Amino acid sequence: MSRSALMLLDKDGVTTRSNTPDSSAVLGITSAAPSQKGAGSQAPSLVPSVETYPSQLPSFLPSKSPTLSPTDAPSAAPSLAPSRPSVYCVDSPVRMMVDGLARSCEWVAVDKSRCALENVESHCPVTCNVCETNQCTDSEITFALFNGLIKPCEWVARWNTSERCTLDGVEDTCRQTCGRCIGGPTSAPVASPSLAPVSVSNGSCVDSPLRMIVDGTSRSCEWVARRNTENRCLIENVESHCPVTCNACATNQCTDSESRFILGNGDSKKCVWVRRLNSRIRCAIDGVRNTCRQTCDDQCTSSTDAPIATPSPTPVSGPTNNCVDSPLRMLVDGALRSCAWVARFNTESRCVLENVESHCPVTCNSCATNQCTDSASTFNLGDGVNKPCEWVARYNTSERCALGGVRDTCRQSCGTCTEG
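Residues numbered from 1 in each chain as written. Predicted model: local features only at pLDDT ≥ 70, side-chain atom pairs only at ≥ 80, totals over all residues. Heavy atoms only, no water.

### A word on the overall build of the protein
Each helix and strand in the protein was counted, giving 19 helices and 14 strands. The 420 residues of the protein split such that 38% are buried. Long-range pairs, those at least 24 residues apart, make up 49% of the contacts in the protein between residues at least 6 apart in sequence. (Helix = DSSP H or I, 4+ residues; strand = E, 2+ residues; numbered from the N terminus. Buried < 20%, exposed > 50% of the residue type's maximum accessible area, 1.4 Å probe, protein only. Contact = heavy atoms within 4.5 Å.)

### Structural notes on the environment of Gly415
Relative to the helices and strands, Gly415 is located in the segment after helix H19 (397-401). Placed 14 residues apart in sequence, Gly415 and Cys401 show a C-alpha to C-alpha distance of 9.2 Å.

### Structural notes on the sheet that holds strand E9 (residues 261-262)
Overall, antiparallel pairing links the 4 strands, which are arranged E8-E7-E9-E10 in an open sheet. Only two strands of the sheet have a single partner each, and these edge strands are strand E8 (217-219) and strand E10 (268-269). In terms of strand pairing, strand E7 (residues 211-214) meets E9 through 2 bridges, oriented antiparallel. Within E9, the residue paired with Met212 across the bridge is Phe261. (Pairing = 2+ DSSP bridges.)

### Quick notes on the confidence of the model for the protein
Fine structural detail should not be taken from predicted coordinates in areas where pLDDT scores are low. Mean pLDDT for the protein: 73, with 66% of residues reaching 70 or above. Model confidence for the protein, summarised as mean pLDDT per element, is weakest for helix H1 (residues 23-27) at 40 and strongest for helix H16 (residues 356-359) at 93. Contacts of residues 79-87 to residues separated by more than four positions or lying in other chains number 13 contacts, the stretch itself having pLDDT below 50. Counting interchain partners and residues more than four positions distant, the pLDDT-below-50 stretch residues 301-320 has 11 contacts. (pLDDT = per-residue confidence, 0-100.)

### Notes on the packing of aromatic side chains
Throughout the structure, instances matching the rule amount to 0 aromatic pairs. Seen from the ring of Trp341, Arg350 lies directly overhead, with NZ or CZ sitting 4.0 Å from the centre. (Phe/Tyr/Trp six-rings, centres within 6.5 Å; stacked < 30°, edge-to-face > 60°. Lys NZ or Arg CZ within 6 Å of the ring centre and 35° of its normal.)

### Some details on the state of the cysteines
The final tally for this structure, using the stated rule, is 15 disulfides. Across the disulfide from Cys351 sits Cys364; the S-S distance is 2.0 Å. For the disulfide bridge between Cys351 and Cys364, the dihedral angle about the S-S bond is near -90°, and by the sign convention the bridge is left-handed. Note that Cys351 is positioned in helix H15 (residues 347-351) and Cys364 in the loop between H16 and helix H17 (367-370), a separation of 13 residues in sequence. You'll find Cys351 and Cys364 in the same group, each marked buried. (Disulfide = S-S within 2.5 Å.)

### Topic: the side chain of Ser92
As for its position among the elements, Ser92 is in the loop between H1 and strand E3 (95-98). A distance of 3.2 Å separates a polar side-chain atom of Ser92 from the backbone nitrogen of Val94. If we skip the residues at most four places from it in the chain, Ser92 touches Cys105, His123, Asp172, Thr173 and Arg175. (Polar contact = N/O pair within 3.5 Å; in protein donor to acceptor, adjacent residues only side chain to side chain.)

### Let's talk about the side chain of His359
As for its position among the elements, His359 is in helix H16. Setting aside anything within four residues of it in sequence, one finds His359 in contact with Asp325, Ser326, Leu328, Arg329, Met330, Cys339, Ser375, Ser377, Phe379, Thr409 and Arg411.

### Side note on the nonpolar core
Looking at soluble globular proteins, one finds that nonpolar side chains tend to be buried together. Judged by nonpolar contacts, Met96, Val98, Cys105, Trp107, Val108, Cys115, Val120, Cys124, Cys128, Val130 and Ile141 together constitute the single largest core of 11 residues. Of all the secondary-structure elements, those providing two or more residues to this core are E3 and helix H2 (105-110). (Core = buried A, V, L, I, M, F, W, Y, C linked by side-chain atoms within 4.5 Å.)

### Quick notes on the pairing of E7
Note that E7 and E8 share 3 bridges and pair antiparallel. By the bridge assignment for E8, Met212 is matched with Arg219. Between E7 and the antiparallel strand that follows it, E8, lie 2 residues; Asp215 among them carries a positive phi value of about 55°.

Here is the structure:
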């Protein structure tokens, strides 16, 4: 800075003038504006510089945009305030509808017993001290946007999600739908790396992190767990989406969810869409691997409790003779059914239905006769396309066998296994 004059009071209260260089720095007073280009202050300014030159010390407020040339090395000194973490717990800034009135989380804070009102804690997790269960979930209460519209998070998820999430306050209200955060941070860093990479599913039982469509409404597994869990698990396809919550791991840990689910971009899809084309790419979409478990996890149906201690003396080549259920849905009396449906109730009776045991040899305990045979059922490839294995064998067999799920359905035609 240039030499500046500063009015001071001496010990007798007489006003004096100081011409010392950068008097504000001598007194430890922060300047109201950043220094000009080429001259750094000894103390930080109150607001960030607009220049592209870095300051010698951090400013008190964060910049509105990143630097044009960030460094690779860490800062020599810590920032004056921590950065906001990617996963954090916040109350919704928009008003919710409580008994027909627009109420804020500040109104709840005045009387914490209001947290017991239906769905209030999902809107105000900080105020209601429920961050552990609600920091990454959508508010379940209808809220008032600043333009006067009254909407639920289902409205945000249904269409134009990315645009609706940019409306004031929506991102911190519909946290899961808007991708505000995923999961939660660990309490402490891992002291040392694991000896082997960790697979998220790999045969373990997990609920889908994606929202499913239940009676036309977007619902999460947290919604299933919150109340009336037993009844909600009986709703069609819910337990296949939330096997942990519904205590259905025995039949669903390695099966695809049968529900229609909502992706982060707002599109609603089913696992048949994942299987049909570009499965590897689609399985990499956030949440899909733990939703379409059988389609996306090669190890799910054949995982072991422990790794093999020593390798086999000779490499394994050629087809295997593993017995697997088809991951595709079959036509049973005109309705599309999965092997998980066969396993769920009345398994013995359902296996007797025509062609079912050839489609689901593991579930129907018919591996002795069906592990290396084609399914005799007509199966669904998605979007209303139903085909038998005869169609696979007839033309372009190698290409058709590469379609998601076909290799484990038309086992003989695709050369999946050999009789052993």
